[in-house]
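Remarks on the overall topology
These are the residues of each chain, in order.
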Amino acid sequence: MIKERPLISQHELSELTGLPNSSIAEIISGLIKNEHISGNAYVLNENSPIICIGGANVDRKLYAKFEISNGTSNPVKSSRTIGGVARNIAENLGRLGEQVVLISASGNDLEWKEIYDMSSPFMNLEHVTQFENASTGSYTAVLDKNGDLSIALADMDIFEEITPELLEKDSNILKCAKCIVVDLNCPVETVEFLCSFATEHTIPLVIIPVSSPKMNRLPKTLDAVSWLIVNKDETETFMNIKINDDKDWKKSVERWLELGVKNVIVTNGSKGVLTGSENGEIRYFPAIEEPVVVDVTGAGDSFCSGVIYSWLQKKDFDYIIKSGLVNAQKTILSKHTVRQELSQKQFKLDMEEI
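Residues numbered from 1 in each chain as written. Predicted model: local features only at pLDDT ≥ 70, side-chain atom pairs only at ≥ 80, totals over all residues. Heavy atoms only, no water.

A closer look at the nonpolar core
Filter applied, for reference: By nonpolar core we mean a set of buried residues, namely Ala, Val, Leu, Ile, Met, Phe, Trp, Tyr and Cys, connected to one another through side-chain atoms within 4.5 Å. Relative accessibility decides the category of a residue: with a 1.4 Å probe and only protein chains considered, values under 20% of the type maximum give buried, values over 50% give exposed, and everything between is partly exposed. Helical segments are the DSSP runs of H or I of at least four residues, strand segments are the runs of E of at least two, and each set is numbered from the N terminus. Two residues form a contact once any of their heavy atoms are found within 4.5 Å.
Ranked by internal contacts, the top residues of the largest apolar core, which has 47 residues, are I53, L205, I207 and W256. For this core, the leading source of residues is helix α7 (residues 188–201), giving six residues. Filtering out sequence-adjacent residues up to four positions away, L205 remains in contact with I180, V182, L194, C195, A198, A224, V225, S226 and W227. Formed by 43 residues, the second largest nonpolar core is a distinct cluster that contains V128, C179, I320 and V326.

Laid out in structure tokens, this is it:
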């Protein structure tokens, strides 16, 4: 056993070695189990992870070669990767050196094995429950010749199994969370449970909608929510309004704040984002223009991840929002849902560019 060494955290080890925090945690756990080091050894095991709850699925992307025509066959190129809003955010944060736990549901099939193999370097997957005779979630996106989303098809029934009862089995680790991130693939009663849980245990809660049709899963009272990151279409659906101009956009942010959200971001594609905070301040941030768009899939999740990461790093508000914008901008230059070069070092360089 090594003696008289100064304490060093998992996060610091991650920075020193270049390995994801989740990999460092697995190495430490293995060493302790094999008694190479004791529980009082020189490594300090951080046990306050970010917990991401929601979708983990296989993404299929079809890239149209020409203008899309309805009612007939369209020539495409195809690719297959892994995704899911909660999983994508977990991978982004894991690549940034955070200790992340994913709670989700899957089938016991080859699709889940694929997700596991590609996700495990960046997050703890021990709390994903597999269900027999069920299919792992899948998402099929059709992108037009400009790389913009034309239509998306989602098979997400498995996530109905992420119930309050399922989460109660993981209550001990939930209580340790430094932040809980939940997407609206989860049933409404699960989101309500997490709102109550976060309030009771004073844990920051971030809610990420996944689509307009699932906005009915958002609780009507949002006092427990530290951050809500929502787009224009989702806002229009939830509030039954139309956002036609900047005045409507601002009014929608004010209405979110009236529902109790501490911080809200209403994104509006290439027009940028409008933010609101609990002190009532509303601010506009333009999008970072990019003449070449490779693939917009994952850009929203990358935006959310950048915001969450810099917020937990206690950066100032401007830096937090710009972190999201930068991570999203870099992601649309990649065919990957989560850009493969992302790391603490690369993210710092990206931020220095602006």
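From this point, the narrative continues.
Considering the packing of helix α3 (residues 85–95) against helix α10 (residues 299–312)
Where we set the bar: Fitted lines through C-alpha atoms give the axes, limited to the stretch in contact for helices. The angle between two N-to-C directions lies from 0 to 180 degrees. What sets the label is the angle itself: under 35 degrees gives roughly parallel, over 145 gives roughly antiparallel, 65 to 115 gives roughly perpendicular, and the rest give oblique. In this scheme, a crossing is called left-handed if the near helix is turned counterclockwise away from the far one by less than a right angle; it is called right-handed if the turn is clockwise.
Two numbers describe how α3 lies on α10: the axes approach to 9 Å, and their chain directions differ by 50 degrees. In terms of their interaxial angle, α3 and α10 are classed as oblique. Between α3 and α10 the crossing geometry is right-handed. Judged by residue contacts, V85, N88, I89, N92 and L93 of α3 engage D301, S302, C304, S305, I308 and Y309 from α10.

Details of the confidence of the model for the protein
Heads up, the rule is: Residue-level confidence of the predictor is summarised by pLDDT, bounded by 0 at the bottom and 100 at the top.
This prediction gives the protein a mean pLDDT of 88; 85% of its residues lie at or above 70. With pLDDT under 50 throughout, residues 32–45 is counted as low confidence; its partners more than four residues away or in other chains account for 18 contacts.

A short note on the sheet that holds strand β5 (residues 76–83)
Stated formally: For two strands to pair, DSSP has to find at least two bridges joining them.
With mixed pairing, four strands are arranged side by side in an open sheet as β5-β4-β8-β9. Single-partner strands in this sheet number two, and they are β5 and β9 (149–155). Averaged over all pairs of adjacent strands, the angle between their axes in this sheet comes to 15 degrees, without regard to strand direction. Examined bridge by bridge, strand β8 (residues 137–143) and β9 share six bridges and lie antiparallel to one another. Its bridge partner lying in β9, S138 is registered against D155. Sitting on the sheet, helix α4 (residues 110–119) touches β4 (57–64) and β5, and the angle it makes with β5 is about 70 degrees.

Describing the sheet that holds strand β7 (residues 124–131)
The strand order across the open sheet formed by nine strands is β7-β6-β3-β10-β11-β12-β13-β14-β15, and the pairing between neighbours is mixed. Where the open sheet ends on each side, the last strands, each with one partner, are β7 and β15 (282–285). On average, each strand axis in the sheet is tilted by 15 degrees relative to the strand beside it, whichever way the strands run. In this sheet, strand β13 (residues 263–267) lies alongside strand β12 (residues 227–231) in parallel orientation, the contact comprising five bridges. Directly across from V230, in β13, lies its bridge partner V266. Its contacts with the sheet put α4 on β6 (100–107) and β7, and the angle it makes with β7 is roughly 175 degrees. The strands that helix α9 (residues 246–258) touches are β12, β13, β14 (273–277) and β15; relative to β14, the one it contacts most, it runs at about 30 degrees.

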